[in-house]
Amino acid sequence: MANSVGAWIWSALLLFAFIASASSDESVAEETPSAVLTLDASNFSETIAKHPFLVVEFYAPWCGHCKKLEPEYEKAASILSKHDPPIVLAKVNANEEINKDLASTHGVRGFPTLKILRNEGKNIQDYKGPRDADGIVEYLKKQVGPASAEIKSSEDAVNFIDEKKVFIVGVFPEYSGEEFDNFTKLAEKLRSDYDFGHTSDAKLLPRGDTAVKGPVVRLFKPFDELFVDFQDFHLDALEGSIEVASIPVVTIFDKEPSNHPYVIKFFNNQNAKVLLFIHFSEQYFDSFKSKYLEVAENYKGKKMSFLLGDIKASEGAFQYFGLVESQVPLIILQENDGKKYLKPNLEPDQIATWLREYVDGSLTPFIKSEPIPELNDEPVKVVVANSLRDVVFNSGKNVLLEFYAPWCGHCKKLAPILDEVAVSLHDDADVIIAKMDATANDVPSEFQVQGYPTLYFSSAAGKLLQYEGGRTVDDFIDFIKKNKDSVVETIQSDPIKDEL
Ligand SMILES: *[C@@H]1O[C@H](CO)[C@@H](O)[C@H](O)[C@H]1NC(C)=O
Ligand SMILES: *[C@@H]1O[C@H](CO)[C@@H](O)[C@H](O)[C@H]1NC(C)=O
């Protein structure tokens, strides 16, 4: 569950990032044969056997992001076909029945998914580069070379170390020994996430330090303390240090694409997440930022991650949390199980106090809910997050509850059917037919809502079932009659009887 919460938000936020990074250059001529190989289950293995380095895009014909990627991918494939050694780009239509196994063995869960296959597919990594043609070319050129580039001169250092990205350099008196081997292994493993280099001469590095002889790993980053050194060469320890050091104390979320990789990292980590949303263009920006940084520093290592978001880039997040602009400046904290806390109309001086109250357990969780309707006289009753417990669990009634989304076609088809069910059962005072807009209300954790419509039945005695039967009026009525508890009976039932 925790992960699906993260993934949701993540895609909402990144929708924007993707649109911003995909350029609109569609200059690939229609007639030229495609530089991208089309593969399917019949020739996948033989093709990867032929190419030591192959990039595969798993796509679906109906996927909008795939369509946006297509001209960029094509252009990149054409440029990279002339590269030495050749870099081959391929695609698989994962929507086709024969390719579904292929997609699932490659862990494809959304579209497009891009994988880098090396060594006949024995080494597979996620493609984590940009999605515009130039970005794809640049990223893949680095991926096909050695995992760690040797820095032999100050020019190398300047060329390799991108000041806007994390860059990890190993300093070794000589390129051998266990430390060097471990560094190289880790560079292979993490090469699609970070850029790596190694040198025997620390003074070639930016902010170079002649005293450093190594073995040492120095991580350069475009934020916070700008570089960190590590000397523990155990693989897990080194990987852990790199992960921690490459997340900023405060992740900035705005329209600047170079910040987006950190936003992805922020949402993928397992900490509780604190998000402060303000207008970056307002006068108050500096005082919020400095107070927030100070607080975040104090919570370092305490399983909390901090993000500062510009309201201009945060439409997706606002929709997801059910927030409105008049609440800005606002701070929201989300735990891994989805529990949330909110303080709207915040002042910089209140950040530290609010978090202390959270840690002390004195805050009340925030639940996204539409207002409880004053009039609820349609056959199908409207339930919102704040009335769900009263209507479903505490009413002592048998409730059929539909979770729907306003845009969902199957839900629209179902609406008149549920109306009819409700009208037919109108005279049965023990039964309620209800619906909740699951996009505007938080769904309690008792329910698993992964698609729309999702239907649950809660009996008067408190038995909760997911409804998976047919969708005709008779199907629903039969199910309800079979599963409902008589309200009178439940009142009479007592522990002694239950034991018999
Ligand atoms: C793989 O097979 C498909 C259809 O069977 C074909 O369209 C495609 O061109 C083949 N690809 C290669 C690289 O042979
Ligand atoms: C290299 O990593 C392995 C696995 O973590 C570890 O056993 C070994 O001690 C490491 N070598 C050094 C010099 O830290």
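Residues numbered from 1 in each chain as written. Chains lettered and ligands numbered in written order. Predicted model: local features only at pLDDT ≥ 70, side-chain atom pairs only at ≥ 80, totals over all residues. Heavy atoms only, no water.

(A) Focus on the environment of Lys141. Relative to the assigned elements, Lys141 resides in helix α5 (residues 133-144). Along the primary structure Lys141 and Gly170 are separated by 29 residues, whereas in three dimensions their C-alpha atoms are 21 Å apart. If sequence neighbours within four positions are ignored, Lys141 has contacts with Leu80, His83 and Ile87. (Helix = DSSP H or I, 4+ residues; strand = E, 2+ residues; numbered from the N terminus. Contact = heavy atoms within 4.5 Å.)

(B) Layout of the side chain of His83. Along the chain, His83 falls in the loop between α3 (64-80) and β3 (88-93). Here Pro85 takes part through its backbone oxygen, which lies 2.8 Å from a polar atom of the side chain of His83. Discounting chain neighbours no more than four positions away, the residues touching His83 are Lys141 and Val144. (Polar contact = N/O pair within 3.5 Å; in protein donor to acceptor, adjacent residues only side chain to side chain.)

(C) A look at the site of ligand 2. Near ligand 2 the following residues occur: Glu178, Glu179, Asn182, Phe233, His234 and Leu235. For ligand 2, an oxygen atom lies 3.5 Å from a polar atom in the side chain of His234. Between ligand 2 and the protein, one listed contact pairs an oxygen atom with a backbone N or O atom of Leu235 at 3.1 Å. Across the complex, the protein chains shield 63% of the 360 Å² of accessible surface that ligand 2 would expose by itself. Looking at the shell around ligand 2 residue by residue, the classes come out as two nonpolar, two polar and two charged. (Near = heavy atom within 4 Å. Areas by Shrake-Rupley, 256 points an atom, 1.4 Å probe, with all protein chains shown as cover. Nonpolar A, V, L, I, M, F, W, Y, C, P; charged D, E, K, R; others polar.)

(D) Spatial organisation of the environment of Thr364. Looking at the element boundaries, Thr364 is found in the loop between α12 (350-360) and β16 (381-382). Separated by 175 residues in sequence, Thr364 and Lys189 have C-alpha atoms that sit 43 Å apart.

(E) Representation of the pairing of β3 within the structure. Of all six residues making up β3, six are buried, and the element is well covered by its neighbours. Judged by which residues are buried, β3 turns out to be covered on both faces: Val88, Ala90 and Val92 on one side and Leu89, Lys91 and Asn93 on the other are all buried. Where strand β1 (residues 37-39) lies against β3, three bridges are found, and the strand directions are parallel. Bridge assignment links Thr38 to a residue of β3, and that residue is Lys91. Handedness of the crossover joining strand β2 (residues 53-59) and β3 through α3: right-handed. (Buried < 20%, exposed > 50% of the residue type's maximum accessible area, 1.4 Å probe, protein only. Pairing = 2+ DSSP bridges. Right-handed = clockwise from strand over helix to strand, strands pointing away.)

(F) Representation of the site of ligand 1 within the structure. Neighbouring ligand 1 are the residues Thr38, Leu39, Asp40, Ser42 and Asn43. The separation between a nitrogen atom of ligand 1 and a polar main-chain atom of Thr38 is 2.8 Å. Contact distances for ligand 1 include 2.3 Å between an oxygen atom and a side-chain N or O atom of Asn43. Burial of ligand 1 by the surrounding chains reaches 47%, relative to a free accessible area of 360 Å². Tallied by class, the residues present in the shell around ligand 1 amount to one nonpolar, three polar and one charged.

(G) Summary view of the packing of aromatic side chains. Scanning the model with the defined rule gives 25 aromatic pairs in all. Seen from their ring centres, Tyr127 and Tyr139 are 4.8 Å apart, and the 65° between their planes marks the pair as edge-to-face. Of this pair, Tyr127 sits in the loop between β5 (123-126) and α5 while Tyr139 is found in helix α5, placing the two residues 12 residues apart along the sequence. Overall, Tyr127 belongs to the buried group, its relative accessible area being 9%. Owing to a relative accessible area of 13%, Tyr139 belongs among the buried residues under this scheme. (Phe/Tyr/Trp six-rings, centres within 6.5 Å; stacked < 30°, edge-to-face > 60°.)

(H) Highlighting helix α14 (residues 409-424). When the terminal C-alpha atoms of α14 are compared, their 24 Å separation across 16 residues agrees well with the 22 Å that a helix rising 1.5 Å per residue should span. Its maximal kink placed at Ala415, α14 deviates by approximately 30°, while the proline Pro416 follows within four residues. Of the residues making up α14, those classed as buried are Cys411, Leu414, Leu418, Val421 and Ala422. For α14, the elements touching its buried residues are β17 (398-404), β18 (431-437), β19 (454-458) and α15 (473-483). (Expected span 1.5 Å × (residues − 1). Bend = angle between axes of the 7 residues up to and from the residue.)

(I) Region of interest: the state of the cysteines. Using the criterion set out here, one finds two disulfides in the structure. Shown here is the disulfide that connects Cys63 with Cys66, its sulfur atoms set 2.2 Å apart. Since a negative S-S torsion denotes a left-handed disulfide, the Cys63-Cys66 link at about 95° is right-handed. The class for Cys63 is buried, based on a relative accessible area of 5%. Covalent S-S linkage joins Cys408 and Cys411, the inter-sulfur distance amounting to 2.2 Å. (Disulfide = S-S within 2.5 Å.)

(J) View of the nonpolar core. Counting residues in each nonpolar core, the largest one holds 46 residues, and the members touching the most others are Leu276, Tyr292, Phe306, Leu308, Ile332, Ile351 and Leu355. Dropping the residues within four chain positions of it, Leu308 is found in contact with Val250, Thr251, Ile252, Phe253, Leu276, Ile278, Phe280, Phe285, Lys289 and Tyr292. Among the nonpolar cores identified, the runner-up in size contains 21 residues, and Val166, Ile168, Phe233 and Leu238 belong to it. (Core = buried A, V, L, I, M, F, W, Y, C linked by side-chain atoms within 4.5 Å.)

(K) The sheet that holds β5, seen in detail. In spatial order, the strands read β1-β3-β2-β4-β5; together these five strands make up an open sheet with mixed pairing. Edge strands, defined here as strands with exactly one partner in the open sheet, are β1 and β5. Going across the sheet, the axis of each strand differs from the next one's by a mean of 30°, ignoring polarity. Taken together, the four bridges between strand β4 (residues 113-118) and β5 define a ladder with antiparallel strand orientation. (Axes fitted to C-alpha atoms, helices over the stretch in contact; angles between N-to-C directions.)

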